[in-house]
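One-letter residues, chain by chain:
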Amino acid sequence: MEKIRYERPVINKIQSGLPDKFGAKFVLESKTDIEGHSVTELLNTFGSPLYVLSENTIRSTYRELIQAFTTRYPKVQMAWSYKTNYLDAVCRIYHQEGSWAEVVSWFEYEKAVHNGVDPKKIIFNGPHKSQEELKAAIQNGSLIHIDHFDELYQIIQMTQHDGTKAKVAIRINMDTGIYPQWERFGFNYENGEAWNAINRIMASEGMELVGLHTHIGTYIMSPSGYAVAASKLAELAVRTDRKFAHKLKYIDMGGGFATRNTLKGAYLPGSDTCPTFDEYADAITGALFHSEIRPEDMPLLILETGRALIDDAGYLLGTVIANKRMASGRRGMIIDIGVNNLFTSFWYEHSIMPGIPVNADAEDTQICGPLCMNIDVIRQAIRFPLLQPGDPVVIERIGAYNMTQWMQFIAYRPNVVLLADDGNPYIIRKKESLETFQQNELVPDYLK
Ligand SMILES: *Cc1c(COP(=O)(O)O)cnc(C)c1O
């Protein structure tokens, strides 16, 4: 056998964030309008930066998800995950489409009530519910999803003597084959905690066990994890029926479907790897049908899909402030969109595009925000055409979490505009101003 020829190894300096040698191909696309509204005009009218949401995309994505599930399963109910985007106008669109509310704090609970949601259709999740909040939610007939034994005992104590019957479900965490496994919320399936909690609820006078809930994680790219989760919940439902002759009204599979955004460090773009709603629906409903639940007892299937419903509907428009050549030789472009406006830039490589037509010349560029802070980087390295100060840029798929996790840091939060189905843009949250802060800040007399 011929000896393989030795080759001296070489070390290449690579810049973080750049595509590797197999990397995604470079596509130079501009986005000059959003559903017929010129990007430049929107910025001129409503200021820069600017959040834009498309009502049409919100509704059509919702209907796509509903169709994927209702064609496979008889009883499906969505519950809008408030923390994903709780602007009132947005929530009301989902409620108009038929969605319940899924809240994880009293602030969100109050918002849902304010948005006209029947309290019986509010799912109250999360590890922290105060005594007063629990009491009010129980009296309103809301669905309480219990997170831990302390909460469970608290509800037993609260309902013991006053004849109320709290409608409860438990949140369950489990091994679904997806790691790292989320274990900090709810009761564990494998170690018997979940079954233990079910037994304690069934033995208590003041609670009615109406459902079982899980939320296995977020941005879950493999539908099979949902199949495992659904079959484990179904197994518990069957066991509960056998032991107590008690049928559960619903199984709540939580949220977590991936979006077409690309995770940092991901090998392929999210638009290539994101499963379809049909694939998730197949996995979940398939597992429920495979279970031992009798056909006439099939529970309502609740979904709390957040990011996958609204990411695509959101855009962040901004303006180029300056270009510079950095000491390393790399081009830097400063825009007026910072990480305070784009919280998700900490884990997504956001798709950013020129807002005007450009020619084909492009160069590796670091895109930075306007904050006086080293970590204010929107894209570490991207091939980007040269734009001039004042030119618009558009960041796609920012509808989820950015309008709730945004930080009022250094600058006022900008306007949010809804491109409505009637063809008009509406401001749905006003740009902050000094008055916004004067309303809440107090100066003691001796400092005046
Ligand atoms: C955040 C959250 C959701 C929504 O999650 P996504 O990953 O955005 O779909 C649903 N249910 C619960 C309990 C949550 O905490």
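Residues numbered from 1 in each chain as written. Predicted model: local features only at pLDDT ≥ 70, side-chain atom pairs only at ≥ 80, totals over all residues. Heavy atoms only, no water.

Draft legend 1. Spatial organisation of the overall build of the chain. Summing up its helical and strand segments, the chain has 12 helices and 22 strands in all. Against the globule reference of 22 Å for 448 residues, the chain gives a C-alpha radius of gyration of 25 Å, in line with a compact fold. Dimensions of the chain, computed from C-alpha atoms along their principal axes, come out at roughly 90 × 70 × 50 Å. Considering only contacts within the chain whose residues lie at least 6 apart along the sequence, 69% involve residues at least 24 apart. Just so you have it, the chain exposes about 21,900 Å², and 52% of that area is on carbon and sulfur atoms. (Helix = DSSP H or I, 4+ residues; strand = E, 2+ residues; numbered from the N terminus. Rg over C-alpha atoms; globule rule 2.2 N^0.38 Å. Contact = heavy atoms within 4.5 Å. Areas by Shrake-Rupley, 256 points an atom, 1.4 Å probe, with all protein chains shown as cover.)

Draft legend 2. Spatial organisation of the side chain of E55. With respect to the helices and strands, the residue E55 is situated in helix 2 (residues 55–70). Overall, the relative accessible area of 10% leaves E55 in the buried class. Beyond its immediate sequence surroundings of up to four residues, E55 is in contact with I93, L418, L419, A420 and D421. (Buried < 20%, exposed > 50% of the residue type's maximum accessible area, 1.4 Å probe, protein only.)

Draft legend 3. Expanded view of the pattern of salt bridges. Taken as a whole, this structure holds 26 salt bridges when the rule is applied. For the salt bridge of K111 with D88, the shortest nitrogen-to-oxygen distance reads 2.9 Å. Of this pair, K111 sits in helix 4 (residues 106–114) while D88 sits in helix 3 (residues 88–96), and the two are 23 residues apart along the sequence. Note on K111: relative accessible area 17%, which makes it buried. (Salt bridge = Lys/Arg side-chain N within 4 Å of Asp/Glu carboxyl O.)

Draft legend 4. Up close: the domain arrangement of the chain. Taken as a whole, the chain is organised into domain 1 (33–53 + 312–432) and domain 2 (55–311). Using C-alpha coordinates to define each centre, domain 1 is positioned 33 Å away from domain 2. Residue-level contacts link 26 residues of domain 1 with 26 residues of domain 2. For domain 1, the biggest contributors to the area lost against domain 2 are Y348, R397 and Y401; these three give 28% of the whole. Connecting domain 1 to domain 2 are 2 salt bridges. Measuring nitrogen to oxygen at the nearest pair gives 3.7 Å for the salt bridge that ties D421 to R59. (Domains from an automatic or database assignment. Buried area = accessible area lost by both parts, 1.4 Å probe.)

Draft legend 5. How the structure looks around the pairing of strand 10 (residues 207–213). Strand 10 sits mainly inside the fold: 6 of its 7 residues count as buried. Two elements, strand 8 (residues 166–173) and strand 10, share 6 bridges in a ladder whose sense is parallel. Residue pairing in the sheet places R171 in a bridge with H213 of strand 10. In the sheet, strand 10 pairs with strand 11 (residues 250–252) via 3 bridges, with the strands oriented parallel. Paired with L212 across the bridge in strand 11 is I251. For the handedness criterion, the β-α-β arrangement of strand 10, helix 8 (residues 223–244) and strand 11 is classed as right-handed. (Pairing = 2+ DSSP bridges. Right-handed = clockwise from strand over helix to strand, strands pointing away.)

Draft legend 6. Region of interest: the site of the ligand. Residues in close proximity to the ligand total 16 residues, the closest being K83, T218, G256, E304 and Y401. Taking G306, its main chain carries an N or O atom lying 2.8 Å from an oxygen atom of the ligand. Here the ligand occupies the second largest pocket. Residue composition of the shell around the ligand, grouped by class: 1 nonpolar, 10 polar and 5 charged. (Near = heavy atom within 4 Å. Polar contact = N/O pair within 3.5 Å; in protein donor to acceptor, adjacent residues only side chain to side chain. 1 Å grid on protein atoms, 1.4 Å probe; cavity = no way out; pocket = protein on both sides within 12 Å on 5 of 7 lines; lining within 4 Å. Sits in = over half its atoms within 2 Å of the grid points. Nonpolar A, V, L, I, M, F, W, Y, C, P; charged D, E, K, R; others polar.)

Draft legend 7. Up close: empty space enclosed by the protein. Following the criterion strictly, the structure yields 2 cavities of 30 Å³ or more and no others. Estimates place the volume of the largest cavity at around 80 Å³. Along the walls of the largest cavity sit 14 residues, with N173, M174, W182, H215 and I216 positioned nearest its centre. Volume-wise, the second largest cavity comes out at about 30 Å³. Classifying every residue of the lining of the second largest cavity gives no nonpolar, 4 polar and 2 charged. (Points joined across faces, edges and corners; volume = space filled by probe spheres on them.)

Draft legend 8. Summary view of the layout of surface pockets. Here the second largest pocket defines a volume of roughly 620 Å³. Lining the second largest pocket are 29 residues; nearest its centre among them are K83, W182, H215, T218 and Y401. Within the lining of the second largest pocket, the residues separate by chemical class into 9 nonpolar, 13 polar and 7 charged. Among the domains, domain 1 (33–53 + 312–432) and domain 2 (55–311) are the pair contributing at least three residues each to the lining of the second largest pocket.

Draft legend 9. Structural view of a nonpolar patch on the surface. Taken together, F346, W347 and I375 make up a surface patch of nonpolar side chains, about 280 Å² in accessible area. Counting through the fold element by element, I375 comes out in the loop between strand 18 (363–368) and strand 19 (377–384). Given a relative accessible area of 53%, I375 falls into the exposed group. (Patch = residues over 30% accessible without salt bridge, like charges linked within 9 Å, V, L, I, M, F, W, Y side chains within 5 Å.)

Draft legend 10. Seen up close, the packing of helix 5 (residues 131–139) against helix 6 (residues 149–159). Running from N to C, helix 5 and helix 6 cross one another at 60°; their axes reach a closest spacing of 11 Å. Of the possible angle classes, the one that applies to helix 5 and helix 6 is oblique. With respect to the hand of their crossing, helix 5 and helix 6 are arranged in right-handed fashion. Contacts between helix 5 and helix 6 involve Q131, L134, K135 and I138 from the former and E151, Q154, I155, M158 and T159 from the latter. Its residues assigned to classes, the contact of helix 5 with helix 6 shows 4 nonpolar, 3 polar and 2 charged. (Axes fitted to C-alpha atoms, helices over the stretch in contact; angles between N-to-C directions. Parallel < 35°, antiparallel > 145°, perpendicular 65-115°, else oblique. Left-handed = near helix turned anticlockwise from the far one by under 90°.)

Draft legend 11. Structural view of the pairing of strand 22 (residues 425–429). Pairing of strand 21 (residues 416–419) with strand 22, which is carried by 4 bridges, proceeds in the antiparallel orientation. What sits directly across from V416, in strand 22, is R429. Between strand 21 and the antiparallel strand that follows it, strand 22, lie 5 residues; G423 among them carries a positive phi value of about 95°.

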